Structure formats: C-alpha cells, structure tokens
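Observations on the model geometry
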Amino acid sequence: MSNASGPTARPFPELPAGFRLGAATAAYQIEGAHDQDGRGPSIWDTFSHTPGRTLGGATGDTACDHYHRYREDIGLLRELGVDDYRFSIAWPRLLPEGTGPVNAKGLDFYDRLIDELLAAGVAPTVTLYHWDLPQALETPSDSGSAAGGGWRVRETAEAFAEYAALAAERFGDRVERWITLNEPYCSAFVGHAEGRHAPGAEEGRGALAAAHHLLVAHGLAVRALRAAGAREIGITLNLDRLHAATDGPEDQAALRRAEVLHNEVWTEPLLSGRYPAHEDETWAGLAAGPWRLPGDLELIGAPLDFLGVNFYRPVTVTAAPHRAADPELRTAVDIGVTEVDPYGTRHTTMGWPVVPEALTELLCGLHARHPRLPPIWITENGSAETDTVAPDGRVHDTARIDYLTDHLAAVSAAVTAGVDVRGYYVWSLLDNFEWARGYGQRFGIVHVDYDTLTRTPKDSYHWYRGLITAHHARTEETTP
C-alpha cells in the first residue's frame, strides 16, 4: 500500500494498474433549474411538492444549482484528478413530455457539460435514468385507471428506448460508457410498493409490473444504444449482501424471499436468462403477470459490457408476519420478512452499519454464481456523515475517509480473489438533495452550503485526490 498524507495517516488501498477512479452525481439531486429552459416536470417534482412526502418539504427546485454552476463543479473534478465522472441526464430536460418534441436547450446543456468535462480530461459516464420519469408518462390515463401509467405499462419502456436513441445520437461521439438505469429496485419497489419515493404508490401487481417494464426498458435501450454505435453499455443495481438472523428454517426461507426481492428479480433475467426460482414463494404467484411477453427474457438478457454495483451496507433479515393475510392485498414488499440490525459496529447518519467486508462477499458471490458476469464497476459507494465547516474553514470528515479507505480495500480484496472490477465512483461529489430525506443527509466529498451554495472541499476530497495521485503514479510505474 502507498502512504497517505494529510488528514489521515492510514495507507492508501492498492488497486490494480488501469483501475479507474471517479465520482458520481444525479440530475435531480444537483441540477436545480427545475422549470427553466424548457424542462418539463418529473415525478420527483410532483412528489417533492406534495406535502408530507419529503423531510421538511424539501424539493430539488434549486438543489446545488449545478445547471448554472457546472463549470465550477467541473473545476472541482479537474482539481480532484478523477478519471471519470458519472452523471445522469434528466429525461424531462430533453423530452418534456417523455416523448415527442425535443427540447433543444436541454440537449445544448448536456453538450456543454460533456465538452467541458472532456476539456478537463475527465471521461463522462452517462446514466440515462436516475429516477426522474417525466410526469407526463406517469399521469393517469383518460380511462381513469387508478393505477395510472408510468413504469406499470410497456409504453413507458418503449418511450425510454426513444429517449436512449436520442441521447446516443447527440452525445455518442463523446460518451464511451452508458448506464441505462440506476437502481431499478428503488424505482419499482421503494416507489411503487413502499411509497417512500416517487410516484409514492403502495401496490402489489403494479410494482411487479414496474419491475418487469424497467427491465424491458433496459433491454430496449441496449438495443437502441448498440444500433447507435455505443461502445460500453451497462446497468447499475443496488445489490445487497443478505444474511439470515438465524439458521432456523423460517429465517432461511425469509432469506430466500429477500434474495428474490432485493437481488434475483434483476440478476437472474439480466445475467442468467431466467426469472427467479423462488418468485412464486415470494409473491404467491403474482409475479408472472400479463406484462411478461414472449421474447422478453432474450431482450432483457442481451450481453452487457459491464455491471454497475451500488453498495452501502449489508442487510440481515428474519421472518415476520405478512402485513396483509390475503396475497391479493399485499404490496410487493410484503413478503414476510423484516430487517434486523445485529451489527455491533459504527453506523452512518443514515443508520446504516459500516461492514466493508460485506462488499467483498457480495462481489465474490456474484462472481461465483454467474458465469456470464461482465466486468464490474462500483458505481456508487460512500457514507453520510455529520459534516460542518470548522472555524479553520475545513470540513474534517475523518469517519468518511475511514469508510472509503475500508471499502476500497474491500474492492481490492475482491480483485485479488479473481473478481474483474474495473473502477470505482465515490458517492457523491457534492452534498445534495437526498430524495425523501431532503437535505438532512450529507454524502458529498464537497460540502455545499444550501443557503449560499458555496462549495467547500472536505478532508475526504483532499484524501481522495491523494489516493488518485498515488494510484496514477503507481500505474505509470508498472506500465511497460
């Protein structure tokens, strides 16, 4: 390991030559300018403006004002020395109605952003969907169906393919790496079953239909991106390292159901060309609905160039009574499972346990289970901490530095064990709008004062810059 200097004396984790280091953000969390230059409303605009949905009524109307301050933020990336920057395009900024007329000013904004990144020596990684579905695609149809549209219907997947084709046509000459969807688990289940995220629904079949149509959207987008000549295409999943609370049969059965809900509903169709083996046990037969059409598995399972993995914490589960006795009345997350916290360890301000070795276990488990596993990129990893600007003008976030050090070491351990991991994006470049939690959680390596929008690099920013510098020097030394 290389020696670190500055805010921590711990050595830097050693990463393989050619391993790429980056930072990540998402459009609705940082851009602001929610109603400027032709951008249409998204489901998150609607959700956050609905009383009681977000902490303190927070919205992304202004967020970090990245739309106007992107050059300043790219300057931070340049100074940081990252290889890559992962950001998302706001679908309603390009297509205000989700389909149909194109907003030229939206295209122009991302042109400027991408060109500025390249001029700074930073490679853009584009996420096409980070949860901000155009509201026009979600609004209930004229038929008055309470279920509405959005991801519950196949037409939204088809509209997504059109959007992907538009983005690839405009930006594909400068963007090497594309991510179709970010964390479809959250879109389908947190948004359509738990109701904690947009669109705020608590459904059973609707959430399962949304899960399937998100995968169909991914498959259609892969086809559109390939047709446009895209070089690297993947999807980002927030996979969980799951454990059962005990070895008892009830908890082991609960673990099987949790694996389906959290992981296998995505990994099995994408990586193995099949639906999860225990889906009937998990959802009492509700999963195999009329939304599944012949040929869908072949579409969804088209080869990927990489798999993005977002990781923050492990999850331990135990059996619990269903909240609704009748399967027809259950939401898709009512599977007879509850989470418990047996971890005698530090927790972040999100309440998440810090267990870095769980990331190694997750990556090695994927490698062992899926012979078709493509190269992996850690597309998000980071910690929420209590961050304040000290009298010396610095933000001394030692706990975050420890978190990042240990999780990068966990990635290194997985690589040593034979897992093909190509890169790592810290979440997040900036403190930002943390969805339903509003502005109460800070994940950034750059502090944002939400009153003045002043950016202050934290100690973790300087630590990460040191790691990147040391890694680049080591790579140059070992390159023939």
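Before reading on, note that the structure itself is shown above.
Residues numbered from 1 in each chain as written. Predicted model: local features only at pLDDT ≥ 70, side-chain atom pairs only at ≥ 80, totals over all residues. Heavy atoms only, no water.

**Notes on unusual backbone geometry**
Following Ala198, the chain continues into Pro199 via a peptide bond in cis, with omega recorded as 10°. By the element assignment, Pro199 lies in the loop between α8 (184-194) and α9 (205-227). Backbone torsion omega between Trp427 and Ser428 reads 5°, so that peptide bond is classified as cis. As for its placement among the helices and strands, Ser428 is situated in the loop between β11 (421-427) and β12 (446-448). Even without glycine at this site, Glu183 takes up a positive phi of about 50°. (Helix = DSSP H or I, 4+ residues; strand = E, 2+ residues; numbered from the N terminus.)

**Some points on helix α14 (residues 398-416)**
In this model α14 runs 27 Å from its N-terminal to its C-terminal C-alpha over 19 residues, within 8% of the 27 Å that 1.5 Å per residue would give. The set of residues buried in α14 consists of Arg400, Ile401, Tyr403, Leu404, Thr405, His407, Leu408, Ala410, Val411, Ser412 and Ala414. (Expected span 1.5 Å × (residues − 1). Buried < 20%, exposed > 50% of the residue type's maximum accessible area, 1.4 Å probe, protein only.)

**A word on the sheet that holds strand β9 (residues 337-340)**
Sheet architecture is open: three strands sit in the order β6-β8-β9, paired in mixed fashion. If you trace the sheet from one side to the other, it starts and ends with β6 (242-244) and β9, each paired once. When strand polarity is set aside, the average angle formed by the axes of neighbouring strands in this sheet is 40°. Summarising the sheet, β6 and strand β8 (residues 315-319) pair through three bridges and their orientation is parallel. Paired with Leu242 across the strands is Val315, a residue of β8. Contacts from helix α10 (residues 249-272) reach β6, β8 and β9, with the element oriented near 165° to β6. (Pairing = 2+ DSSP bridges. Axes fitted to C-alpha atoms, helices over the stretch in contact; angles between N-to-C directions. Contact = heavy atoms within 4.5 Å.)

**A short note on the packing of helix α13 (residues 357-369) against α14**
Describing two packed helices takes the angle between their axes plus the distance from one axis to the other. Interaxial distance between α13 and α14 falls to 8 Å at its minimum, and their mutual angle equals 30°. The angle between α13 and α14 falls in the class roughly parallel. For the element pair α13 and α14, the recorded crossing hand is right-handed. For the pair α13 and α14, contact is made by Leu359, Thr360, Leu363 and Cys364 and by His407, Ala410, Val411, Ala413 and Ala414, respectively. Classifying every residue of the contact of α13 with α14 by side-chain character gives seven nonpolar, two polar and no charged. (Parallel < 35°, antiparallel > 145°, perpendicular 65-115°, else oblique. Left-handed = near helix turned anticlockwise from the far one by under 90°. Nonpolar A, V, L, I, M, F, W, Y, C, P; charged D, E, K, R; others polar.)

**Brief notes about the pairing of strand β10 (residues 376-380)**
For β10, the tally of buried residues reaches five of five residues, placing the bulk of the element in the interior. Direction of pairing for strand β7 (residues 306-310) relative to β10: parallel, over a ladder of four bridges. Counterpart to Leu307 in the pairing with β10 is Ile376. As paired strands, β10 and β11 are joined by three bridges and run parallel to one another. Within β11, the residue paired with Ile376 across the bridge is Val421. Crossover connection from β10 via α14 to parallel β11: handedness right-handed. (Right-handed = clockwise from strand over helix to strand, strands pointing away.)

That's the geometry; what it means functionally is another story.
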